[in-house]
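Reading the structure
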Amino acid sequence: AAGVIQSPRHLIKEKRETATLKCYPIPRHDTVYWYQQGPGQDPQFLISFYEKMQSDKGSIPDRFSAQQFSDYHSELNMSSLELGDSALYFCASSSPGQYLDTQYFGPGTRLTVL
Amino acid sequence: AQSVTQLGSHVSVSEGALVLLRCNYSSSVPPYLFWYVQYPNQGLQLLLKYTTGATLVKGINGFEAEFKKSETSFHLTKPSAHMSDAAEYFCAVTTLFGNEKLTFGTGTRLTIIP
């Protein structure tokens, strides 16, 4: 079965650079979530989208922005990168019309800021 | 706001022994509870979930969990550990009023002793 796709899988950036992470949800899933998992930490919710509209916002820095496109894929844009942004970034998607349906996670993008 | 507490950041069991991973939740409204497993360098895979109905929930790979409202617990068990069960396990909670975002516990690393 198709799963959530994230690209790139690994990304290395310098401080103050920008990064764009992409997420392709499971086909026909219309809700996308972004989570950040720091080293040895639990995943923290960043932001979510439902039908291309932001549905909820967590502890996402102002330097980060995200959007969901007409084909439901989502991009997380990160600017002025800091060392503390080094983490595993997960995208998850859930199926349409089912509130509190299971979130299916992608493999993550590991971002390293040097 | 809701939260989960996982007791024991590291648990070791012998192969064939009972696995018990503890999770307690805090929520002012009825919770929806999940267990996810994370293998090294991989994404989060859903093991099982509790929303409503039967309080004993069976998941994949022989795992099950019981929702106990009186104890605010959702402990994960498996009768007989297998080497392939070695991984990080996360308990997570959301509620009807949480806009579906998951709040994770800090995780429990399960080690299987041959």
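For the structure, see preceding data.
Residues numbered from 1 in each chain as written. Chains lettered and ligands numbered in written order. Predicted model: local features only at pLDDT ≥ 70, side-chain atom pairs only at ≥ 80, totals over all residues. Heavy atoms only, no water.

The volume enclosed by the largest pocket comes to roughly 390 Å³. Contributions of two or more residues to the lining of the largest pocket are made by strand S9 (87-94) and strand S11 (109-113) of chain A together with strand S9 (87-95) of chain B. A breakdown of the residues in the lining of the largest pocket according to their chemical character gives eight nonpolar, 12 polar and three charged. In this structure, the second largest pocket encloses a volume near 230 Å³. Those elements that provide at least two residues to the lining of the second largest pocket are strand S10 (104-105) of chain A together with strand S4 (31-38) and strand S5 (44-50) of chain B. Of the residues contributing to the lining of the second largest pocket, the split by class is 11 nonpolar, five polar and no charged. (1 Å grid on protein atoms, 1.4 Å probe; cavity = no way out; pocket = protein on both sides within 12 Å on 5 of 7 lines; lining within 4 Å. Points joined across faces, edges and corners; volume = space filled by probe spheres on them. Helix = DSSP H or I, 4+ residues; strand = E, 2+ residues; numbered from the N terminus. Nonpolar A, V, L, I, M, F, W, Y, C, P; charged D, E, K, R; others polar.)

Once that is clear, we can look at the pattern of salt bridges. All names here are of chain A. On inspection of all chains with the given rule, the structure shows eight salt bridges over all chains. The partner of glutamate 82 in a salt bridge is arginine 63, with the nearest N and O atoms 3.4 Å apart. Residue glutamate 82 is found in the loop between strand S8 (74-78) and S9, and its partner arginine 63 is found in the loop between strand S6 (53-57) and strand S7 (64-68); the two are separated by 19 residues along the sequence. Using a relative accessible area of 41% as the deciding quantity, one classes glutamate 82 as partly exposed. The class for arginine 63 is partly exposed, based on a relative accessible area of 21%. Connected via shared salt-bridge partners are Arg63, Glu82 and Asp85. (Salt bridge = Lys/Arg side-chain N within 4 Å of Asp/Glu carboxyl O. Buried < 20%, exposed > 50% of the residue type's maximum accessible area, 1.4 Å probe, protein only.)

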